[in-house]
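Coordinate inspection notes
Residue-level listing of the chains:
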Amino acid sequence: MNADNDWSDFLQNHPIFSLPKSFDASTAEAESSFELSANTLPRFVKVDPLDDGTTPSGRRQTMVLKDADLIVAAGKEVRMASLGDAKVPSSTRKTYKTLHTPNVQFEVHQIALNPSGKLLAVAGAFQVAVIVLPRPGFMRLVPETIDCKSVQIGQFYHASRNSAPIAKVDWHPWGEAASTLLIMTTDGKLREYDISMDTDEPQQVLSFVPERKSKSYLAEDESEREAVSFALGKGRADWGPLTVYALMKSGDIYAVCPYLPRNASVPSSYIHSLECFISAKQEFLAQGDSSPSQNLATIYDYQQRYVSALLRQLPPGTVFPATSRNVPMHPPTSIKQLPVRQGPFLLQPEPRLLEGSEGEDATDIAYLVFGASNDDEDSEREGSPTEHLGIVTVAYREGKVDLFLDVEKVEARWDVKGVSSHELPMLAVYETIDLGLLSAARSNNCLKLLQANHSAFLLDPIHDDTLYVYHAFGVHALQIGPVLQHLAVALRGEDDDAVLDKALQTPAETLVRPLLTTFSVERKSSNPIVGVALPNDVYLSYSILILSSSMRISVFPLTLRSDSLHEPNAGSPAASTLPVEEGPAEKSIWLTRAEGTPSPFLSLLAPEPYHVPPILTDSGLPTMPKHALPRSTTSKELVLTPEVIRYLATASQHISSQIRDVSVAFRAAQLRTQLQKEELRGLIVAARTMNERAEILKVQRNRETRQRVEQIQETQKELLARLDRLLSAMMKKASPELSEHETKWFEELKRMKAEVIGVGKYDGDSLVVRARQLDKEFARILPSLKALAEKEQQRKDKVAATNGSLGFSQAFGFGQRSNIERNQIDVLEKEVTKLADQLHVSIGKPPRSE
C-alpha cells in the first residue's frame, strides 16, 4: 500500500462493496430499503421461511478475512478479493471475483471461515451450505466468476418449511481436519456436522431446551425456550474446552459438559493436564475431615472414567511432560449416560436493568480467557493471576452488556440415577455496561427501532482483552484491561482479607469507546452493521473493517500494544487504590553503596512517576464515534430540527470537554518537560563526575594495579621454588632408598630396553636389527613376486580369450545337447548289458571318459 493512501482510500470505492446485482432499483432507493426506520421495521423483524428478503433481520456477519483475502456476501452472491492489491500503485484496477455456487440460492446472513481457511460456511435464515474456497492466486484468473464446489448441510433439518430459524453457525477449533461445523437453531438444538463424513445427518445433537410434555403445563415465557447464540468454553487444565454455553432470549445461560466432536484432534498436553486436575480433586476429597459426599464421589468417578478413556486413545510413548501435539480422538463410548444440561446459571448479584427498560432480550454470548494460548510455549507460561480466569459477556437488544466472572467453572456431569442435579452453576456479576442505545432512542423517539437490534460480539484476534460489539446503530469497543489489572491485584492479595475487600469495594470499569454510529438524527433511521473484520496477517496493517447494510465500508487503523500479562502498573488506578505491603528488598553487595558515603545523584523524577493522560494516549480508537451514512444522503443539505440541534449541542459539549482535558494534559506535560530538563542537567553533572572517576581508574589506578600484579607474580615464583625445595627434602626424608617393587620395575624396564634396542651396537638378537633384516629380505624377493604375478595375469587373460570365443548361450546349448547324448548312451549300455545276460555272454565294463 502506498504511503499516501490508507485502507479507507483503497476500500472506499472498491466494487466488492457494490449492491447486489439482483437489486434493480436506483442507488438511492436501494440504500433506503436497507435502512432501519419506522417504515421498514416490519421487514426487519419478519422471519419468513419462503422469503426472508435482503433486510438484515437477526444475527448478521457477512464479511470475513482469509489471510490477505477479503470475502463479502451480498445478497445471494459471495464475493472475494485480494487486499494485496493495496500494495501496488493506485492505477491498478480494483476488481473482485464472484464465487459461482449453484447450491446457494438463499440470502446469506452469516459466513464463517473454518480454522484451516479452506471452507466457508454460509447461512441464511433457515438454510446452511459449505463452499470450498479457491486456491491462492485466484485473482489472476481471467473469468469474473469462479466455479466452486458447494454442498448444502442438513437439508432435512434446515431447508423445510417447518424447520427452526438458524441462530448461529461456527466451526469447532478441535475438529479433525477442521471440518466440524456447529449449527444452533432457535429451538435449542445444537447440531454437529462433519463435512468430511456426512453432510446430511448430524454426528451429535445437543438439546438445550427440553421437549414439552403433552399432558403437562408449565407457566414459562416463550423467550426462555428460544435460543439466540452459543459459545465454546476455553481453558487449559479444566473442563472449559469441553463445555458449550447456550444463551436463551430471556437471558438464561445453560451449559453442557463434556462435549467433544465425534472426530476431534485434541492436544495431548490438555488430556494429561485434565487427568492431573481430576486426580487432585479426588485426592482432596479423600483427605477431607468430613465424610465425602456421595454425589461428588460418583461425579469424580465418572470424570475419571471419561479421562481414562481419552488417555487410552493417546499413541504409545505420549508421556507428560513432553512436547504437545494434536492427537485424533473420539468421544468415549464406555459411559452410556448422556451429559446433563446444567442451568440456568445463578447470577450473583442480580444484574441491574437499564433505566427505563421494561426487560431486555439477550442476543449474543462470548467467552473470554486470558493467558491461555494454544501455543505450547505460551501455554506453559505461569505467573499471571488472571491466566485461569474466564469472563462471560452477554449482549442485549437494548444496548446492555453484562460482564460475568466464571469463578466456579462448569464440570462434567452425566444423567446418572441417584446423583442430585438440583445444584445450579453460578456466575459472578462484575459489571453492567450501558452502550447508550436506549437513552439515544428515547431522546429521538425511536424506541421501536430497538426491536430490530441484534447486538453481536467479535473478539480481537491479537489482544485478548479487547472485544467489539456491533449492532443496528454502530460499533463499540470494549477494553477489559483495567478490569484485569484490578482483578490481578485482588487475586494476588487473596490471603489478605483487607486487600480483597478493598478491591471488591472499589471495582474498576471496562473502557467503552464508540467507534462508529450509523443513526441519522435527521431521518430517524439507521443502517445496521452487517459485518466486522480485523486483519490478522503480517502483510496487512492492524485495523478494523466495518460494513453497513448499505454496503458502505469504514476503516479505522488500530495501534498494536505490547504483550501484557495484565499485571497492574505502579501508576494504574487499580494499583493506586489498593494498599500494597512493601517488604525489605534483597540487597546486592555489588550495587549497594558504602555506609557513610553521600549519594552522588538524587533523581527528581523518582517520587512520582509520570503517566500519560488518557486523553493523550493514542490507542488507535476514535474518541468520538464516526458517522457512516449512506452515500445518497451525504450530498443532501442538513435540515435543522430539534433533534439535530440537540445532537449538535451534545457533540460540541463533548468536544469542548475534550479540548479542556487536552489543555490540562498539555500543561501537565509542559511541567513534566521542565522537570525532565532539570533532571537532564543533573544527569549531565553526574555523568561528568562518573567520567572523571573512570579516567582515574583507567590511568592512575590501572598503573598501580599493574605494579601490584607484577609484584605478586614475582612473589609467587619465589614461593614455587621454595615449595619445590621443601618437597624434595621431605621425599628424601620419607623414603631415602628405592622400595622392592620399584627396584623390580626398573629392572624390567632395563630388560625390555635391552630386548628392543640390544645390549651393544652389534647385537643381532635385538628386535630393531631383526626388523631391519626382515625389511631387506622383503625388498629382495619383491621383484620376483611381481614377475610371478604378471605371468599369472597373462595366463588368466589367455584362458579368458580362449573361452571368450564361445558365448554363454552357445555353451549352454552344447551342454544341453551333451546331456541328451549322455542319457542315450546310458540307455544303450543298459540294453547291451541286459542282452548279454540273456545270451550268457560276459562283457567287460564300458569305457568311461576320465
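What you are looking at is a predicted structure, and each value in this text was computed from that prediction instead of being measured. (Residues numbered from 1 in each chain as written. Predicted model: local features only at pLDDT ≥ 70, side-chain atom pairs only at ≥ 80, totals over all residues. Heavy atoms only, no water.)

**Structural notes on the overall build of the protein chain**
Of the regular secondary structure elements, the protein chain holds 17 helices and 34 strands. For the protein chain, the proportion of its 850 residues judged to be buried stands at 41%. Carbon and sulfur atoms make up 55% of the accessible area of the protein chain, which totals about 50800 Å². (Helix = DSSP H or I, 4+ residues; strand = E, 2+ residues; numbered from the N terminus. Buried < 20%, exposed > 50% of the residue type's maximum accessible area, 1.4 Å probe, protein only. Areas by Shrake-Rupley, 256 points an atom, 1.4 Å probe, with all protein chains shown as cover.)

**Quick notes on the UniProt feature "coiled-coil region" (unreviewed entry) in the protein chain**
UniProt records the feature "coiled-coil region" (unreviewed entry) at residues 702–729, using the numbering of this structure. For residues 702–729, the helix share is 100%, the strand share is 0%, and the end-to-end C-alpha distance is 41 Å. (UniProt positions renumbered as here; feature names shortened; annotations may be inferred.)

**Let's talk about the nonpolar core**
Among the nonpolar cores identified, the biggest contains 43 residues, and Trp 239, Ile 253 and Val 394 are the most heavily contacted of them. It is helix H6 (residues 294–312) that contributes the most residues to this core, six residues altogether. Formed by 39 residues, the second largest nonpolar core is a distinct cluster that contains Ala 395, Tyr 430, Ala 472 and Leu 478. (Core = buried A, V, L, I, M, F, W, Y, C linked by side-chain atoms within 4.5 Å.)

**Comments concerning the pattern of salt bridges**
Two side chains carrying opposite charge are able to pair once their charged atoms lie near each other. Within this structure, the stated rule accounts for 19 salt bridges. Salt-bridge contacts for Glu 755 lead to Arg 751; the nearest nitrogen and oxygen are separated by 3.2 Å. Of the two residues, Glu 755 and Arg 751 both sit in helix H15 (residues 740–757), four residues apart, roughly one turn of that helix. Judged by its relative accessible area of 41%, Glu 755 falls in the partly exposed class. In this structure, the salt-bridge partner of Arg 795 is Glu 792, at a minimum N-O distance of 2.6 Å. (Salt bridge = Lys/Arg side-chain N within 4 Å of Asp/Glu carboxyl O.)

**Concerning the sheet that holds strand E10 (residues 166–171)**
The strand order E10-E11-E12-E13 describes an open sheet built from four strands, whose pairing is antiparallel. In this open sheet, the two strands that pair with only one neighbour each are E10 and strand E13 (204–207). The mean inter-strand angle of the sheet, taken between neighbouring strand axes irrespective of direction, is 15°. For strand E11 (residues 180–185) and strand E12 (residues 189–194), the ladder comprises five bridges, and the chain directions are antiparallel. Residue Leu 181 lies in a different strand from E12, and its bridge partner there is Tyr 193. (Pairing = 2+ DSSP bridges. Axes fitted to C-alpha atoms, helices over the stretch in contact; angles between N-to-C directions.)

**Describing the packing of aromatic side chains**
Each aromatic ring pair is described using two quantities: the centre-to-centre distance and the angle formed by the ring planes. Tallied over the entire structure, the rule returns eight aromatic pairs. Both rings, one in Trp 239 and one in Tyr 306, keep their centres 5.9 Å apart while their planes meet at 55°; by these two values the pair is tilted. Taken as a pair, Trp 239 in the loop between strand E14 (227–232) and strand E15 (244–248) and Tyr 306 in helix H6 lie far apart in primary sequence, 67 residues in all. Assessed through its relative accessible area of 6%, Tyr 306 is described here as buried. Put simply, the rings of Trp 239, Tyr 302, Tyr 306 and Trp 414 pair up and form one aromatic cluster. Across from the ring centre of Tyr 302, 4.7 Å away, lies the NZ or CZ of Arg 305, which sits over that ring. (Phe/Tyr/Trp six-rings, centres within 6.5 Å; stacked < 30°, edge-to-face > 60°. Lys NZ or Arg CZ within 6 Å of the ring centre and 35° of its normal.)

**Quick look at the sheet that holds strand E32 (residues 543–548)**
With antiparallel pairing, three strands are arranged side by side in an open sheet as E31-E32-E33. Across the chains shown, the open sheet's two edge strands, defined by having one partner strand only, are strand E31 (529–533) and strand E33 (553–557). Along the sheet, successive strands turn relative to each other by an average axial angle of 15°, direction set aside. By the bridge criterion, five bridges tie E32 to E33 in an arrangement that is antiparallel. If you follow Ser 543 over to E33, its bridge partner there is Pro 557.

**Details of the packing of helix H5 (residues 268–286) against H6**
Interhelical geometry of H5 versus H6 gives an angle of 155° and a closest axis separation of 10 Å. As far as their axial angle goes, H6 and H5 are roughly antiparallel. H6 is crossed by H5, and the crossing has left-handed handedness. Of the residues in H6, those touching H5 at Ile 271, His 272, Leu 274, Glu 275, Ile 278, Ser 279, Lys 281, Gln 282 and Leu 285 are Leu 296, Ala 297, Tyr 300, Asp 301, Gln 303, Gln 304, Val 307, Leu 310 and Leu 311. (Parallel < 35°, antiparallel > 145°, perpendicular 65-115°, else oblique. Left-handed = near helix turned anticlockwise from the far one by under 90°. Contact = heavy atoms within 4.5 Å.)

**Some points on the pairing of E15**
Counting buried positions over the five residues of E15 gives five, a clear majority of the element. Burial along E15 is two-sided: the face carrying Val 244, Ala 246 and Met 248 and the face carrying Tyr 245 and Leu 247 are both buried. Bridge analysis of E14 against E15 gives five bridges, and the strand direction is antiparallel. Opposite Phe 230, over in E15, you have Ala 246 as the bridge partner. The turn linking E15 back onto strand E16 (residues 253–256) is made up of four residues, and Gly 251 within it adopts a positive phi angle of 100°.

**Brief notes about H15**
With 18 residues, H15 should reach 26 Å at 1.5 Å per residue; the first-to-last C-alpha distance of 26 Å fits that figure. With its phi angle positive at about 110°, Gly 758 sits one or two positions after the end of H15. (Expected span 1.5 Å × (residues − 1).)

**What about the side chain of Glu 398?**
Mapped onto the elements of the fold, Glu 398 is located in the loop between strand E22 (390–396) and strand E23 (400–406). Of the polar contacts made by the side chain of Glu 398, one reaches the side chain of Ser 357; its length is 2.5 Å. Aside from chain neighbours lying at most four places away, what touches Glu 398 is Leu 354, Ser 357, Gly 359, Glu 360, Leu 437, Leu 438 and Leu 450. (Polar contact = N/O pair within 3.5 Å; in protein donor to acceptor, adjacent residues only side chain to side chain.)

**Re the confidence of the model for the protein chain**
In the predicted model, the protein chain carries a mean pLDDT of 81, and 81% of its residues have values of at least 70. Low pLDDT (under 50) marks residues 1–5, which in the prediction has 12 contacts with non-local residues, meaning those over four places away or in another chain. Segment residues 373–383 is flagged for pLDDT under 50; beyond a separation of four residues in sequence, or across chains, it makes 16 contacts in the model. (pLDDT = per-residue confidence, 0-100.)

**Concerning the side chain of Thr 199**
Structurally, Thr 199 can be placed in the loop between E12 and E13. Assessed through its relative accessible area of 17%, Thr 199 is described here as buried. Leave out the neighbours within four places in its chain, and Thr 199 touches Val 151, Gln 152, Ile 153, Gly 154 and Tyr 193.

**As for the pairing of E12**
Taken across its six residues, E12 has six buried, putting it largely inside the fold. The loop that links E11 with its antiparallel partner E12 comprises three residues; one of these, Gly 188, has a positive phi angle of about 85°. Here E12 runs beside E13; their pairing, made up of four bridges, is antiparallel. Across the sheet, Arg 191 pairs through a bridge with Val 205, a residue of E13.

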